[in-house]
Each structure stands twice: as C-alpha cells, then as structure tokens.
Amino acid sequence: MAIARFGRQVKRSYQSYGFCVKLSAVVILGLCFVLVWSLFSNFSVTSQRESFDDIAEPVSASNWKVSDFQTHSNKIEPKKGQESEERRFRSGLDGKDKKINNGSVPLKPEKKPENLNTKASGKSGDGNSKLPERVVKRKIKKMRDLRWRRDIDLINTDDLDQEAVDEDDGGSRNRKKKKKLGPVFDPKVQYTWKLCNTRSKHNYIPCIDIETATGRLQSYRHHERSCPRSAVMCLVPLPHDSYGDPVRWPESKTKILYQNVAHPKLAAYIKGQDWLVESGEYLTFPQNQSVFKGGIQHYLDSIEEMVPDIEWGKNIRIVLDMECKDSSFGASLLEKDVFTLTLGLKDDLVDLAQVALERGFPAVVSPFATRRLPFPSGVFDAIHCGECSVSWHSNGGKLILEMNRILRPGGYFILSTKHNSIEAEEAWSTLTASICWNILADKTDEVSDIGVKIYQKPETNDIYELRRKKVPPLCKENENPDAAWYIPLKTCLHTIPEAIEQRGTEWPAEWPKRLHTFPDWMNNREKLIADTKHWKAIVNNSYLIGMGIDWSTIRNVMDMKAISGGFAAALSDQKVWVMNVVPVHAPDTLPIIFERGLVGIYHDWCESFGTYPRSYDLLHADHLFSRLKNRCKQPIVIVVEMDRILRPGGWAIVRDKVEILNPLEEILRSLHWEIRMTFAQDKEGILCAQKTMWRP
C-alpha cells in the first residue's frame with residue numbers, strides 16, 4: 001500500500017512538472033518571436049530608401065542648357081557642389097521629382113526610411129540590438145533584389161540589364177553562379193585605325209558585299225546575308241572626289257551632290273534616264289518625272305480610282321516599296337503623309353537606294369532569296385512592286401508567301417508590270433489564288449502602258465478552309481510569325497488573328513491620330529503613354545535646344561535601341577524620319593512601333609547594319625552598350641559601325657553608364673570625333689559627339 005501511494009505521488013508530481021515545462025517553453029518561444037520581430041520589422045520592403053544607385057538610371061534632361069555641361073572634358077565626372085543643380089535635370093513631366101529607370105518610364109518616388117544609416121551599421125531602429133554584419137549584408141541585398149524584381153513589372157524589361165532578367169527565372173531552373181564580367185570597353189587598350197581595302201571601296205556594306213574577288217567570282221554581293229569571319233575593324237574611306245555637306249531638306253528632294261554618291265555603274269545608268277539629270281556638281285530630279293510614263297502623280301491617282309478604299313495618308317500610312325527605282329513613288333506619297341520604306345535588293349548594283357538616302361528618303365538594303373525579311377508579321381498597310389525584278393513564282397512561291405506574312409490582314413499588294421509572258425501570268429494567277437488574295441483591279445493604263453494589278457489579303461481564316469487544295473498548308477500553331485532574324489522562308493500560310501486581344505484584328509486609326517492611339521492588344525498602354533511623355537520632354541527641352549545641334553542639317557535619324565517608338569514620336573513634328581531599330585535580343589516591341597504609324601527593323605548590333613556608308617545624320621543610342629555587354633565579343637565593332645553609317649558632320653547622342661561612356665569618349669577621340677558635350681549624374685551620363693572628315 002505504501003509503495004502504491006508513493007507511485008501515485010510521483011505521477012502527480014511528474015504531471016505537474018511537465019505542464020510547467022511546456023508552459024515555460026511556450027512563453028520563451030513567444031518572447032523570442034517578439035524579439036526577432038522587433039529586430040527585423042524595420043526591413044519592410046514597402047518603406048525602402050528612395051534611390052538605389054546600383055539600379056541603372058539615365059539622365060533626365062528637361063531643363064538642360066549647354067552652359068550647364070562640361071564640354072570637351074577628359075572624363076565624364078559630376079561637378080563638385082552640383083547636388084543642388086542636379087534637381088533641375090530630372091525629367092519633371094509635372095514638375096515633381098520622379099525617377100527614371102533606364103530612360104523608359106517614370107517611376108513613383110518612395111518614402112525614405114528615417115533610420116537607413118542605422119540599418120547599414122547593423123543596428124535596429126531602437127539602437128538597442130545588434131545583428132551580425134553578414135546578416136545585415138544579406139538583408140540589404142535581399143531588399144535590393146526585391147526592389148529590382150518589383151521594378152520589372154513597372155517598366156519594360158528591355159530597360160534592364162540582361163543579366164538581371166536572366167537571374168530571375170522564377171525558380172524553374174537551378175541558379176548558376178553569375179560570371180563576373182569585365183568592362184564593355186577596356187580603358188587600357190589603345191586603338192589604331194586603318195582604311196578598309198575592299199572591292200566596294202567607299203560604298204562597302206559588310207555582311208552584304210563580298211570583300212575580295214576571286215577568279216571565278218563575278219558577283220559583288222552575297223546571295224544571302226553573310227558576315228565576315230573576323231570583326232570589321234577598318235574604316236570605310238570617303239569617295240574619291242572627297243565628300244561635301246549634303247544638300248539640306250527639303251531642297252534635297254530635287255537635287256543632291258553628285259560626288260557623294262558617285263559610282264561607275266550609276267554614271268552609266270544616268271545616261272539612259274530622264275528622271276535624274278547630271279547638272280554640274282549636282283544630280284537633279286525634275287518634278288513629276290519618273291520611270292512611270294505620264295508621271296508619278298498620274299500613277300498614284302489611277303490607283304485610287306481603281307480602288308477607292310485606298311486613301312493615301314489616311315488608312316494607308318506604312319508602305320513597303322520593293323526594289324528601289326527612282327524614289328518618286330515614296331517622294332510623292334510623303335506629301336500625302338505616307339511613310340514609304342524602300343527595300344534596296346542585293347542586285348541594286350547601281351546603288352539607287354543610296355541615292356534615295358542621300359535625298360532624305362527611308363531605305364534599307366537586304367538580300368531577299370531564302371530568308372525572311374527583318375520585319376514582324378502583319379505590319380505593312382500596303383506593299384508596292386513597280387516593275388521590280390523579283391521572280392515571285394520561283395522557289396515554290398516562298399517569296400510571295402513572305403509578302404503575305406508581313407502584309408497586314410486586309411492590306412493591299414500593288415503590282416505594276418509592262419509585259420509579262422503568258423506562262424508567267426498563269427503562274428502568278430495560280431499562286432495568288434492559292435493564298436486567297438482577292439484581286440480588286442486589273443487594268444492597263446492607256447497613258448503609261450503599264451498593267452496594274454491590286455490584290456487584298458484576307459481578313460479572316462474562313463476562306464482558307466474553303467480551298468479545295470490545301471496548298472500551301474496552314475502553318476503549325478507553334479510557328480512564330482514574328483520570328484524574322486536569320487529565319488528561312490516558309491512554305492505555309494500563317495493564320496489570321498481573330499481574337500480581339502490579338503494584334504491585327506482591327507485596322508489602325510487614321511494618321512496622325514494613329515501615333516497616339518494604343519489598341520486593346522497593347523496591355524501596357526499606361527507605360528507607353530508615360531514613355532511617350534518622357535521622351536517628348538527630353539527631346540523638346542534638351543535635344544532640340546540644349547546640345548548645339550543644327551537641326552536644319554538633320555534628316556535621316558536612327559534610334560539604335562528603340563523600345564516603343566517614344567523617341568521617334570517626339571520628333572514627329574520635325575522635318576526628319578527615324579529608323580527604329582529593335583535589337584533581336586531585346587523584347588519584341590517592333591509591332592507596337594509599326595502600329596503607331598512609325599517604321600523599324602530587327603537587327604543584331606554585333607553585326608553590320610544593312611545600309612550604305614554615310615547614310616544617317618544622327619544616331620541615338622539609349623543604353624545600347626550596357627545591354628550588349630554579354631552578347632558581342634568585341635563591342636568596339638559597334639563604334640566602328642557607327643562611324644561607317646554616320647556621315648561626316650553627323651551627330652551621335654549616347655546615354656549610358658558612366659563606366660561605359662568614359663572609355664567610349666576616348667575611343668571617339670581616337671577616331672577624331674569632336675566631343676561636343678558630356679554630363680554625368682550619379683552613375684549615369686550622356687555624351688554628344690560629332691563626326692569629322694578625318695580618315696587614317
């Protein structure tokens with residue numbers, strides 16, 4: 001009995017003791033939780049510091065003046081005591097201090113925590129507790145990462161460094177240790193320059209022209225785009241008879257300096273033409289004279305009479321003119337607010353596309369044989385082929401299928417020829433019927449004796465299903481119609497978009513309303529509107545008045561890293577045209593540019609651009625070099641290419657990180673470019689330079 005009583009007492013004591021232990025553990029854990037919460041509560045993501053210097057931010061230039069900048073400086077450095085003045089260099093769209101991330105969309109400023117310095121020292125907000133230094137560093141890095149990723153949703157991903165985008169893979173792949181990258185330009189390298197020694201001489205176009213001649217090789221140009229194996233590090237020479245300042249727009253529509261485009265084949269070509277005449281030192285272009293008998297105006301009027309739905313400058317804004325002839329087609333349409341891009345083909349050995357560029361008309365040079373043209377699908381309102389030498393029915397009809405790809409649903413294809421063989425006519429008719437093009441007009445003009453055929457692309461997929469022979473077949477669903485860089489031509493028809501949220505279901509608004517109209521398929525309309533306002537402020541308050549550029553000498557402009565066409569839209573009131581280049585590694589925003597009534601092209605800047613030397617008057621590069629840090633083996637080739645396509649006396653505006661602009665400035669000085677202006681704010685800067693006549 002005694003043993004039993006003792007056992008019961010022990011059991012009760014144990015139960016009471018166990019309860020106390022459990023209660024004590026709960027209390028201790030609760031106190032620990034409160035303590036940890038108090039330590040880390042100040043690291044709230046929603047109340048972080050106002051500025052992150054490690055996030056790239058370009059200079060916002062709303063009130064810039066030449067006197068405020070360092071000119072002809074050796075290095076781009078912020079001026080001492082400049083902090084008060086830097087507030088004036090914000091974009092300030094509404095007068096407020098807004099942050100700009102890589103020159104794209106203004107971001108809302110965030111509240112600056114009062115105890116930021118305390119955090120950095122490893123202390124909590126009350127100063128009573130301390131954290132290990134490694135924990136503090138880890139927390140601050142986490143804050144930056146969270147802020148960085150949150151900004152990806154606020155701006156276009158094209159404005160971020162590619163390595164930052166690649167790092168945030170959503171956890172679907174194992175994270176690899178990021179390789180430490182060197183500088184874009186090695187500041188220790190000293191460059192020496194030499195002239196190119198090629199068959200094309202002063203008209204050399206790498207990737208298109210054949211550099212050296214062989215006994216069996218007669219052609220001057222590649223069948224398809226083919227770049228040299230080694231990087232092009234030579235400078236293209238000037239024409240033999242030197243180079244003169246181009247005739248200014250709009251006088252250049254009627255005459256240009258002959259010496260700037262002199263070419264043996266061009267001299268022979270002029271003798272048999274009446275639409276261009278050699279007159280002393282100039283090439284002149286008589287008004288209303290063209291390869292079309294009866295004049296270009298009569299030709300355009302006859303097209304509108306045949307198809308009244310074609311209203312130049314209203315519903316028809318963007319036109320592709322296949323194979324450059326006399327430029328009269330695009331010149332006359334320009335007066336009707338139609339933007340005509342001329343495609344100079346590889347067989348244009350007379351270099352008429354260069355003549356068009358010298359006159360101030362948009363043109364690019366590209367082979368067209370087995371690969372797609374560098375444009376997205378469904379972007380051209382009309383395509384014109386005026387007596388062009390393209391064999392449409394050859395190669396299984398792939399070339400006309402490419403026209404169908406880039407033509408907008410409901411768009412027009414205008415074909416004019418003098419006399420075709422019966423076999424060629426039958427092959428053409430069979431081909432257009434197989435892709436369901438509706439023939440709207442087929443008429444031979446009595447004055448010009450030119451046969452004109454006008455076709456319209458279907459607007460729905462229903463007609464494709466009615467074909468008895470499904471040849472060519474419809475493309476597979478996983479076939480990307482917008483993939484165009486080094487993509488072979490396909491023998492299939494892409495389906496026409498039908499859902500309201502898809503691009504191409506509605507015809508764009510009439511020009512100029514089209515420039516500022518953003519359809520439903522653009523799910524980031526607010527960002528696009530903000531981007532347009534941002535560039536409008538920069539162009540009006542800085543580029544046009546604050547850099548010393550004589551804009552009366554500027555006609556051909558290139559935006560080397562366009563996003564949504566905001567820079568080009570800001571220049572729409574000026575007497576210039578802008579080639580918007582969307583890099584192939586960047587987000588595909590080129591369809592947005594075309595939808596706004598602007599024009600552009602895909603390109604990889606690690607290669608040469610498809611144009612003649614001395615084609616452009618101004619180059620604009622917004623954070624181009626920082627984005628190409630991981631792509632090009634030798635980014636210096638981009639600078640060499642800029643020197644090739646920019647005319648002597650032309651300008652370049654480069655916005656990028658200071659660590660890139662400093663060595664870039666020295667490279668441009670080695671090319672004898674004149675540095676007209678430099679400015680830096682924090683880690684971002686801007687450089688404005690002018691090319692000279694110097695050649696090694």
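Residues numbered from 1 in each chain as written. Predicted model: local features only at pLDDT ≥ 70, side-chain atom pairs only at ≥ 80, totals over all residues. Heavy atoms only, no water.

K.L.:
Run through the packing of aromatic side chains, naming residues and quoting values.
P.N.:
In total, this model carries 24 aromatic pairs according to the counting rule given. Here phenylalanine 375 and phenylalanine 380 contribute two aromatic rings whose centre-to-centre distance is 5.2 Å and whose plane-to-plane angle is 90°, an arrangement assigned as edge-to-face. Phenylalanine 375 gets classed as buried once you look at its relative accessible area, which sits at 0%. Of the residues examined, phenylalanine 380 reaches a relative accessible area of 0% and is grouped as buried. Judged by centre distance (6.1 Å) and plane angle (80°), the rings of tryptophan 535 and phenylalanine 567 are edge-to-face. One end of the pair, tryptophan 535, is in helix H13 (residues 525–543); the other, phenylalanine 567, is in helix H14 (residues 566–570), and 32 residues separate them in sequence. A single burial state applies to tryptophan 535 and to phenylalanine 567, both of which are buried. An aromatic cluster of at least three residues, connected via ring pairs, comprises Phe368, Trp392, Phe413, Trp428, Trp437 and Tyr455. The residue whose ring lies beneath lysine 255 is tyrosine 282, and the NZ or CZ to ring-centre distance is 4.2 Å. The ring of phenylalanine 285 is capped by arginine 359, whose NZ or CZ atom sits 3.8 Å from the centre of that ring. (Phe/Tyr/Trp six-rings, centres within 6.5 Å; stacked < 30°, edge-to-face > 60°. Buried < 20%, exposed > 50% of the residue type's maximum accessible area, 1.4 Å probe, protein only. Helix = DSSP H or I, 4+ residues; strand = E, 2+ residues; numbered from the N terminus. Lys NZ or Arg CZ within 6 Å of the ring centre and 35° of its normal.)

K.L.:
Any chance you could break down the sheet that holds strand S3 (residues 255–257) for me, citing the residues and the numbers?
P.N.:
Strand order in the open sheet formed by three strands is S3-S5-S4, and the pairing between neighbours is antiparallel. Looking at which strands have only one partner, the edges of the open sheet turn out to be S3 and strand S4 (277–279). The mean inter-strand angle of the sheet, taken between neighbouring strand axes irrespective of direction, is 30°. Of the strand pairs in this sheet, S3 and strand S5 (residues 282–284) are connected by three bridges, and their pairing is antiparallel. Of the residues in S5, the one forming a bridge with leucine 257 is tyrosine 282. (Pairing = 2+ DSSP bridges. Axes fitted to C-alpha atoms, helices over the stretch in contact; angles between N-to-C directions.)

K.L.:
Can you lay out unusual backbone geometry for me, pointing to particular residues and giving the numbers?
P.N.:
Cis geometry marks the peptide bond from tryptophan 249 to proline 250, where omega comes out at 10°. Here proline 250 is to be found in the loop between helix H5 (162–167) and S3. Cis geometry marks the peptide bond from valine 471 to proline 472; its omega dihedral reads 0°. Mapping proline 472 onto the fold places it in the loop between helix H12 (462–465) and H13.

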